[in-house]
Amino acid sequence: MINVLIVEDSAVVRELLIHILGSDREIRIAGAVHNGEEALEAVARERPDVITMDIHMPRMDGLEATRRIMETWPTPIVIVSGTEDPREATVTFRAIEAGALTLLPRPLGIAHPDHDATARELVQTVKLMSEVRVVRRWPRTRGDSAPPVLPGPVLDPAPAGMQVVALGASTGGPPVLQAMLARLPKDFPAPVLIVQHMAAGFIEGFVHWLAQSCAMPVHVASHGETIRAGHVYVARDGFQMTVERGGRIVLSTDGGEGAHRPSVSCLFRSVAELYGQHAVAALLTGMGRDGAAELRVLREKGAITFAQDQASCAVFGMSAEAIRLDAAMYVLRPERIADALVSIANDRKGRRTDGIGPAYE
């Protein structure tokens with residue numbers, strides 16, 4: 001049985017979540033509380049396998065509750081949010097930054113025609129997150145400084161330099177992408193294209209949150225726009241994002257690959273076809289195999305390829321498959337990948353180095 005603690009301010013929504021999760025034979029409701037203070041007490045008492053967490057609550061909100069839980073009794077947390085407003089969603093992504101694994105919109109009411117689909121998504125997510133091993137987050141103080149720029153691995157840059165960077169992530173990806181983008185300068189000499197698997201309705205808020213710590217402009221990708229160096233483009237909900245000749249973004253509703261739309265595979269394949277050896281790509285934390293085979297194609301075409309290492313992954317799935325396929329030239333922590341991107345960017349003449357540094361660090 002998967003023991004679930006429900007933390008939700010609204011009595012109506014709380015009962016809905018109890019009904020949906022309690023109807024599954026593999027789930028037991030360990031408790032249902034209505035604020036963060038009660039959540040801390042329940043976690044220490046019940047030791048649940050998964051927590052569903054509201055954000056806006058009295059006495060202690062979901063952000064602070066997430067922080068304290070991850071500092072005391074680390075537990076997989078699923079944020080169940082009732083807002084899609086980009087500015088309010090920033091708080092939701094701060095909870096992801098604090099250690100929550102993923103987020104979902106509140107399930108629709110029983111009378112709504114899409115109730116069954118949203119209920120299934122909640123149950124499936126809770127079950128998947130129950131299998132994730134989380135680690136303690138140590139408290140941060142005001143005196144904490146930004147992480148230092150580390151010396152990157154010795155790289156063999158693409159012959160004509162880097163013309164595009166493509167990144168793919170799923171579960172655990174938002175804080176990883178935030179940390180990586182925060183290390184890139186505003187004059188970064190290539191566009192950055194991102195596919196992040198995420199529940200529908202949160203991409204605008206995700207982009208708004210990323211923009212607060214990124215020196216480069218961050219956009220939700222638009223069909224037909226030309227990608228520009230020093231800009232970040234995030235794939236839209238429900239659309240495949242590819243690039244075509246001239247560096248134009250193409251958004252389409254073509255069939256999802258492995259139920260993903262957008263899919264990392266679709267983006268990586270188009271980047272491999274258009275840019276080949278002039279591309280750099282990285283596959284990050286997440287469940288499944290999306291993008292792994294295409295990262296191998298990129299490497300075969302001469303691109304520089306990275307995979308996130310196991311120790312820093314919330315879920316060692318996508319990058320693990322890339323490593324298994326020998327698709328990644330380098331397996332590194334996210335901040336090391338970002339510093340390597342800066343190192344490649346600084347070598348605008350495409351000068352070859354004397355050797356390749358260690359692929360695993």
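Conventions we followed
Residues numbered from 1 in each chain as written. Predicted model: local features only at pLDDT ≥ 70, side-chain atom pairs only at ≥ 80, totals over all residues. Heavy atoms only, no water. Helix = DSSP H or I, 4+ residues; strand = E, 2+ residues; numbered from the N terminus. Buried < 20%, exposed > 50% of the residue type's maximum accessible area, 1.4 Å probe, protein only. Contact = heavy atoms within 4.5 Å. Areas by Shrake-Rupley, 256 points an atom, 1.4 Å probe, with all protein chains shown as cover. Salt bridge = Lys/Arg side-chain N within 4 Å of Asp/Glu carboxyl O. Expected span 1.5 Å × (residues − 1). Arc of directions from axis to C-beta. Core = buried A, V, L, I, M, F, W, Y, C linked by side-chain atoms within 4.5 Å. Pairing = 2+ DSSP bridges. Axes fitted to C-alpha atoms, helices over the stretch in contact; angles between N-to-C directions. Polar contact = N/O pair within 3.5 Å; in protein donor to acceptor, adjacent residues only side chain to side chain.

Novice: Would you mind showing me how to read the overall build of the chain here?
Specialist: A count of helices and strands for the chain gives 11 helices and 14 strands. Here the chain holds 361 residues, and the buried ones make up 53% of them. Residue pairs in contact within the chain that sit at least 24 positions apart in sequence constitute 74% of those at least 6 positions apart. When the accessible surface of the chain is split by element, carbon and sulfur atoms take 49% of a total near 15,900 Å².

Novice: Would you explain the pattern of salt bridges in this entry?
Specialist: Charged atoms that come close allow side chains of opposite charge to pair. Overall, the coordinates contain 16 salt bridges when judged by the stated rule. The structure contains a network of salt bridges with shared partners spanning Arg-296, Arg-299, Glu-300 and Asp-326.

Novice: Can you walk me through helix α5 (residues 115-129) in this structure?
Specialist: Think of an α-helix as turning once every 3.6 residues; residues three or four places apart then point the same way. In a regular helix each residue adds 1.5 Å, so 15 residues correspond to 21 Å; α5 covers 21 Å between its end C-alpha atoms and thus fits that length. Residues of α5 that are buried include every one of His-115, Thr-118, Ala-119, Leu-122, Val-123, Thr-125, Val-126 and Met-129, and no others. Down the axis of α5, the smallest arc covering the buried residues is 165°, so these residues share one side. In α5, the exposed positions that point more than 90 degrees away from the buried face belong to Asp-116, Arg-120 and Gln-124. Each element contacted by the buried residues of α5 is listed here: β1 (2-7), α1 (11-22), β2 (27-33), β3 (50-53), β4 (77-81) and β5 (102-105).

Novice: Sorry if this is basic, but what is going on with the nonpolar core here?
Specialist: Core analysis: the biggest nonpolar cluster contains 86 residues, and Phe-188, Val-192 and Phe-306 have the highest contact counts within it. The element that contributes the greatest number of residues to this core is helix α11 (residues 334-346), accounting for 6 residues. With 31 residues, the next largest nonpolar core counts Ala-272, Ala-281, Leu-295 and Ala-322 among its residues.

Novice: Hey, could you run me through the environment of Phe-239 in this one?
Specialist: Considering the arrangement of structural elements, one finds Phe-239 in the loop between β9 (232-234) and β10 (240-244). The class of Phe-239 is partly exposed, set by a relative accessible area of 31%. Here the alpha-carbon distance between Phe-239 and Arg-261, two residues 22 residues apart in the chain, equals 5.5 Å. If near-sequence neighbours (up to four positions away) are discounted, Phe-239 is found in contact with Leu-251, Ser-252, Thr-253, Arg-261 and Pro-262.

Novice: Where do I start with the environment of His-208 in this structure?
Specialist: Structurally, the position occupied by His-208 is in helix α7 (residues 203-211). In sequence terms His-208 and Val-218 are 10 residues apart; their C-alpha atoms lie 7.8 Å from each other.

Novice: What's the story with the sheet that holds β3 in this structure? I'm lost.
Specialist: Strands in a sheet are paired, the pairing made by backbone hydrogen bonds, and the direction either parallel or antiparallel. Spatially, the 5 strands line up as an open sheet ordered β2-β1-β3-β4-β5, and their pairing is parallel. Where the open sheet ends on each side, the last strands, each with one partner, are β2 and β5. Between one strand axis and the next, the sheet turns through 25° on average, direction left out of account. Where β1 lies against β2, 6 bridges are found, and the strand directions are parallel. By the bridge assignment for β2, Asn-3 is matched with Arg-28. The strands touched by α5 are β1, β2, β3, β4 and β5; relative to β5, the strand with the most contacts, the crossing angle is about 165°.

Novice: How should helix α3 (residues 62-72) be read in this particular structure?
Specialist: Within the span of α3, buried status applies to Gly-62, Leu-63, Ala-65, Thr-66, Ile-69 and Met-70. Projected onto a plane normal to the axis of α3, the buried residues spread over an arc of 165° and lie on a single side. Of the residues flanking the start of α3, the one acting as N-cap is Asp-61, its side-chain oxygen 3.3 Å from the backbone nitrogen of Leu-63.

Novice: Before we go on, may I ask you to explain the side chain of His-197 in this structure?
Specialist: With respect to the helices and strands, the residue His-197 is situated in the loop between β7 (192-196) and α7. A residue is classified by how much of its surface remains accessible, and His-197, at 14% relative accessible area, is buried. Side-chain polar atoms of His-197 contact the side chain of Ser-170, separated by 3.1 Å. Here Asp-290 takes part through its side chain, which lies 2.7 Å from a polar atom of the side chain of His-197. Excluding its chain neighbours within four sequence positions, the residues that come into contact with His-197 are Ala-169, Ser-170, His-260, Pro-262, Val-264, Asp-290 and Met-318.

Novice: Can you help me understand the sheet that holds strand β6 (residues 164-169) in this one?
Specialist: Across the sheet, which stays open at both edges, the 7 strands sit in the order β8-β9-β7-β6-β12-β13-β14 with parallel pairing between neighbours. On the outer flanks of this sheet lie β8 (218-220) and β14 (330-332), each paired with one strand and no other. Taken pair by pair, the neighbouring strands of this sheet meet at an average axis angle of 20°, ignoring direction. Across 3 bridges, β7 lies against β9 in parallel orientation. In the strand pairing of β9, Val-192 is matched with Val-232. Packing of α7 onto the sheet brings it into contact with β7, β8 and β9, and relative to β8 it is tilted by some 175°.

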